[in-house]
Amino acid sequence: MIEWIRFILTALLMIAGLVIFGISTLGVFRFKYAVNRMHAAAMGDTLGVGLCLVGLAVSAPDFFVAAKILMVVIFFWLSAPVSSHLLCRLEIETNERLHKYMTVHEKTLAQEREEKEEEA
Amino acid sequence: MFFVYFALWVVLNGKWTTEIAAFGLAFAAIAYFFSCRFMGFSLKTDARLMIRAWQAVRYGVMLLKEILNANLAVMRMVLDLDFEPKPQLVKFNSGLKKERHRVVLANSITLTPGTITCLLEGDEFLVHALDESLVEGLDDGVMITRLKEMEAGK
């Protein structure tokens, strides 16, 4: 009985993870600009990988294997943002026509909020 | 940090025997001595951090929730075929004092889909967001308020 519950739980989590991977791949093709595409890819990186590996951890034979798999998730989530940050930074610093692709705010968010309040 | 090293050792070994535990204690002690000596850890700060470890756990749970919400939002954008994203590049000052907390915030922002930290200089964050709706709550959302609470030591 407990084996079946574990199997169904694993299958559900894995399928959910794969669906998210599918959607993020669709997003990578659908959006137009490199940085926008990274947002779609980040979806697969976070929840997609997370759900797939948690599903594997549920079906793991003993505690230590499950702990190892969960550790993979933690290290992945610590390191993935670093690479996407560096890619994004490269794009922002080297692209001279940023205005074409995005709205660039010159002021900080707090300043903008203040201005809006003053107008109102 | 010592306990983290020890837990890593045991988990990566995959078994729990007296021998592994003894070796683990020894090697964790060596690694901890090394990180105290060369990487700026110290017993005092570690003890202080351990008392507040539950805050880190609470932050992690909240981060999970944020990741889930942001994932759902971005998924909706991808699946809505008429939708065209309006990317934004925004600046804000976090008001956090410690470098450690700023880095945690930057990493959390990048980890939630839809927002990427591009630049972090001093206290100024430069964040790229996929759409206008994702900009809200960047500089006054749950993540930053929780980090400020942690900094104040509550």
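Residues numbered from 1 in each chain as written. Chains lettered and ligands numbered in written order. Predicted model: local features only at pLDDT ≥ 70, side-chain atom pairs only at ≥ 80, totals over all residues. Heavy atoms only, no water.

Looking only at helices and strands, chain A has five helices and one strand in total. Across chain A, helices and strands are ordered from the amino to the carboxyl terminus as α-α-α-α-β-α. The C-alpha atoms of chain A give a radius of gyration of 20 Å, which is well past the 14 Å a tight globule of 120 residues would have. C-alpha extents for chain A along the principal axes are approximately 65 × 35 × 25 Å. For chain A, the residues scored as buried account for 38% of the 120 residues in total. Excluding contacts between residues fewer than 6 apart, the proportion of contacts in chain A whose partners are at least 24 apart in sequence is 59%. On chain A, roughly 7,600 Å² of surface is accessible, and the fraction owed to carbon and sulfur atoms is 69%. For chain A, the centre of its 11 positive side-chain charges and the centre of its 13 negative side-chain charges are spaced 9 Å apart. (Helix = DSSP H or I, 4+ residues; strand = E, 2+ residues; numbered from the N terminus. Rg over C-alpha atoms; globule rule 2.2 N^0.38 Å. Buried < 20%, exposed > 50% of the residue type's maximum accessible area, 1.4 Å probe, protein only. Contact = heavy atoms within 4.5 Å. Areas by Shrake-Rupley, 256 points an atom, 1.4 Å probe, with all protein chains shown as cover. Lys, Arg positive; Asp, Glu negative; His and termini not counted. Charge placed at Lys NZ, Arg CZ, Asp CG, Glu CD.)

What follows deals with helix 7 (residues 142-152) of chain B. Residue and element names in this part refer to chain B. Within helix 7, the full set of buried residues consists of Met143, Ile144, Leu147, Met150 and Glu151. Seen end-on, helix 7 carries its buried residues on one side only, within an arc spanning 120°. In this structure, the buried residues of helix 7 make contact with helix 4 (53-79), strand 1 (88-93) and helix 5 (99-111). (Arc of directions from axis to C-beta.)

On to the domain arrangement of chain B. Each domain of chain B was delimited in the assignment, giving domain 1 (2-48) and domain 2 (53-152). Between the C-alpha centres of domain 1 of chain B and domain 2 of chain B the distance comes to 32 Å. (Domains from an automatic or database assignment.)

Attention shifts here to the sheet that holds strand 3 (residues 124-129) of chain B. Taken in spatial order, the four strands make up an open sheet running 1(A)-1(B)-3(B)-2(B), and their pairing is mixed. Among the strands making up the open sheet, the edge pair consists of strand 1 (103-108) of chain A together with strand 2 (115-121) of chain B. Each strand axis lies, on average, 20° off the axis of its neighbour in the sheet, ignoring direction. Of the pairings in the sheet, the one linking strand 1 of chain A to strand 1 of chain B comprises three bridges and is parallel in character. Counterpart to Thr108(A) in the pairing with strand 1 of chain B is Lys91(B). Against the sheet, helix 5 (residues 109-119) of chain A engages strand 1 of chain A together with strand 1 of chain B, with an angle of about 80° to strand 1 of chain A. (Pairing = 2+ DSSP bridges. Axes fitted to C-alpha atoms, helices over the stretch in contact; angles between N-to-C directions.)

Attention now goes to the nonpolar core. The biggest cluster of nonpolar side chains holds 42 residues, and the ones touching the most others in it are Phe92(B), Leu105(B), Ile109(B), Phe125(B), Val127(B), Leu138(B) and Met143(B). Element by element, the count of residues in this core is highest for helix 4 of chain B, at eight residues. In this structure, Leu138(B) is in contact with Leu109(A), Val90(B), Phe92(B), Ile109(B), Thr115(B), Val127(B) and Ile144(B), ignoring residues within four places of it in sequence. Counting residues in each nonpolar core, the second largest holds 12 residues, with Cys88(A), Leu98(A), Ile116(B) and Cys118(B) among its members. (Core = buried A, V, L, I, M, F, W, Y, C linked by side-chain atoms within 4.5 Å.)

Moving on, we come to the packing of helix 5 of chain B against helix 7 of chain B. For any two helices packed against each other, one specifies the inter-axial angle together with the distance between the axes. All names here are of chain B. Direction vectors running N to C along helix 5 and helix 7 enclose 160°, while the axes themselves pass 11 Å from each other. Regarding the angle of helix 5 to helix 7, the classification is roughly antiparallel. Between helix 5 and helix 7 lies a crossing of right-handed hand. Packed against helix 5, whose contacting residues are His101, Val104, Leu105, Ser108 and Ile109, the element helix 7 presents Met143, Ile144, Leu147 and Glu151 at the interface. Of the residues assigned to the contact of helix 5 with helix 7, the class counts are six nonpolar, two polar and one charged. (Parallel < 35°, antiparallel > 145°, perpendicular 65-115°, else oblique. Left-handed = near helix turned anticlockwise from the far one by under 90°. Nonpolar A, V, L, I, M, F, W, Y, C, P; charged D, E, K, R; others polar.)

A few words now on the packing of aromatic side chains. Residue and element names in this part refer to chain B. Applying the stated criterion across every chain yields a total of six aromatic pairs over all chains. An angle of 15° between the planes, with centres 6.2 Å apart, marks the rings of phenylalanine 23 and phenylalanine 27 as stacked. Of this pair, phenylalanine 23 and phenylalanine 27 both sit in helix 2 (residues 18-38), four residues apart, which is roughly one turn of the helix. Among the residues examined, phenylalanine 23 registers a relative accessible area of 45% and is labelled partly exposed. Ring geometry for phenylalanine 34 against phenylalanine 38: centres 5.0 Å apart, planes inclined by 50°, an arrangement best described as tilted. (Phe/Tyr/Trp six-rings, centres within 6.5 Å; stacked < 30°, edge-to-face > 60°.)

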